[in-house]
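# Structural characterization, general
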Amino acid sequence: QVQLVESGGGLVQAGGSLRLSCAASGNIFNITIMNWYRQAPGKQRELVATTTSSGSTNYADSVKGRFTVSRDNAKNTVYLQMNSLKPEDTAIYYCNAYVQALPRGPRYSYWGQGTQVTVSS
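None of the values given here were measured: they were computed from a predicted structure.

### A closer look at the pattern of salt bridges
Two side chains with opposite charge may pair up if their charged atoms get near one another. All told, the structure shown has four salt bridges when counted by the stated rule. Between Arg-38 and Asp-89 there is a salt bridge, with the nearest N and O atoms lying 2.9 Å from each other. Of the two residues, Arg-38 is situated in strand E4 (residues 30-39) and Asp-89 in the loop between strand E8 (77-82) and strand E9 (91-100); the sequence distance between them amounts to 51 residues. For Arg-66, the salt bridge identified is with Asp-89, shortest N-O distance 2.7 Å. On the criterion of sequence distance, the pair formed by Arg-66 in the loop between strand E6 (57-59) and strand E7 (67-72) and Asp-89 in the loop between E8 and E9 is long-range, its members being 23 residues apart. A relative accessible area of 11% means that Arg-66 is categorised as buried. Note on Asp-89: relative accessible area 1%, which makes it buried. Within this structure, Arg-38, Glu-46, Arg-66 and Asp-89 form a network of salt bridges that share partners.

### A closer look at the nonpolar core
One recurring pattern in soluble globular proteins is that nonpolar side chains are buried together. Within the largest apolar cluster, 30 residues are counted, with the highest numbers of intra-cluster contacts made by Leu-4, Trp-36, Val-48, Phe-67, Leu-80, Met-82 and Tyr-93. For this core, the elements supplying multiple residues, two or more each, are strand E1 (2-7), strand E3 (18-26), E4, strand E5 (46-52), E7, E8, E9 and strand E11 (115-120). Looking at this core, the element that brings in the most residues is E9, giving five residues. Setting aside chain neighbours within four positions, we find Tyr-93 in contact with Glu-6, Leu-20, Trp-36, Tyr-37, Arg-38, Val-48, Phe-67, Leu-80, Met-82, Gly-114, Thr-115 and Val-117.

### Digging into the side chain of Ser-21
Locating Ser-21 in the fold gives a position in strand E3. Ignoring sequence-local partners within four residues, the contact set of Ser-21 consists of Val-5, Glu-6, Ser-7, Trp-36, Val-78 and Tyr-79.

### Topic: the state of the cysteines
Inspection of every chain in the model, using the stated rule, returns one disulfide. Residue Cys-22 pairs covalently with Cys-95 via a disulfide, S to S 2.1 Å. Its S-S torsion of about -80° marks the bond between Cys-22 and Cys-95 as left-handed, since a negative value means left-handed. Of the two residues, Cys-22 sits in strand E3 while Cys-95 sits in strand E9, which places them 73 residues apart along the sequence. Judged by its relative accessible area of 0%, Cys-22 is buried.

Each value, and the rule that gives it
Residues numbered from 1 in each chain as written. Predicted model: local features only at pLDDT ≥ 70, side-chain atom pairs only at ≥ 80, totals over all residues. Heavy atoms only, no water. Salt bridge = Lys/Arg side-chain N within 4 Å of Asp/Glu carboxyl O. Helix = DSSP H or I, 4+ residues; strand = E, 2+ residues; numbered from the N terminus. Buried < 20%, exposed > 50% of the residue type's maximum accessible area, 1.4 Å probe, protein only. Core = buried A, V, L, I, M, F, W, Y, C linked by side-chain atoms within 4.5 Å. Contact = heavy atoms within 4.5 Å. Disulfide = S-S within 2.5 Å.

Pasting the structure below:
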């Protein structure tokens, strides 16, 4: 079993910054993909940023140039640096990871509990 624990959410004024962290623990051989999703009230969950074990990254158009995703493979941790925050970034942010427990074993998807980010205007 694998646990994902997010931290770093909070209340910030528009234009401010926050850094989210997501630490994975448990039966982990390799984490291939780590994602950040968000869900605003009344809206569907959307993919915000992705990072792979090879270091490639991808972003939603709405956050490009403002958010940066990074990971520390030694700590099984992924970060989301959020700059120039806007009120429309307000949402619960979720960490998602695809984890292998064994070499050449299957990948399983795990989710964190979410952390609230609120941006005031």
